[in-house]
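Summary of the model geometry
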Amino acid sequence: MIFEEIREVICEQLEVSKEEVLLDTTFEDLGADSLDLFQVVIEIEEKYGIQLEDAEKIKSVRDAVNYVEAQVKA
């Protein structure tokens, strides 16, 4: 499941526990700054072989999952 994979990336990059990362969790909730979010985006891009457009619009874990799901289907 894409959520599980993205959650792993977020936990690794932001050094947070899986329990802290839910679909409705925002990156702000996790204390991520713009550099942290950039690192998460890079990892997701590499993992799925996609290019995240408008990365600044990704505010929550759900946003990231929805974006990746849409890109993988396309």
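So, here's what we can say about the structure. Please read these numbers as outputs of a predicted model, since none were measured by experiment.

Right, let's get into the overall build of the protein chain. Secondary structure summary: the protein chain contains three helices and zero strands in total. For the protein chain, the sequential pattern of α-helices and β-strands runs α-α-α. Taken against the 2.2 N^0.38 rule, which gives 11 Å for 74 residues, the C-alpha radius of gyration of the protein chain at 11 Å falls within 12% of a compact globule. In terms of overall dimensions, the protein chain has C-alpha extents of about 30 × 25 × 20 Å along its principal axes. Counting only contacts in the protein chain whose residues sit at least 6 apart along the sequence, the fraction spanning at least 24 positions is 51%.

Rules of the game
Residues numbered from 1 in each chain as written. Predicted model: local features only at pLDDT ≥ 70, side-chain atom pairs only at ≥ 80, totals over all residues. Heavy atoms only, no water. Helix = DSSP H or I, 4+ residues; strand = E, 2+ residues; numbered from the N terminus. Rg over C-alpha atoms; globule rule 2.2 N^0.38 Å. Contact = heavy atoms within 4.5 Å.

Nothing here speaks to function; it is geometry throughout.
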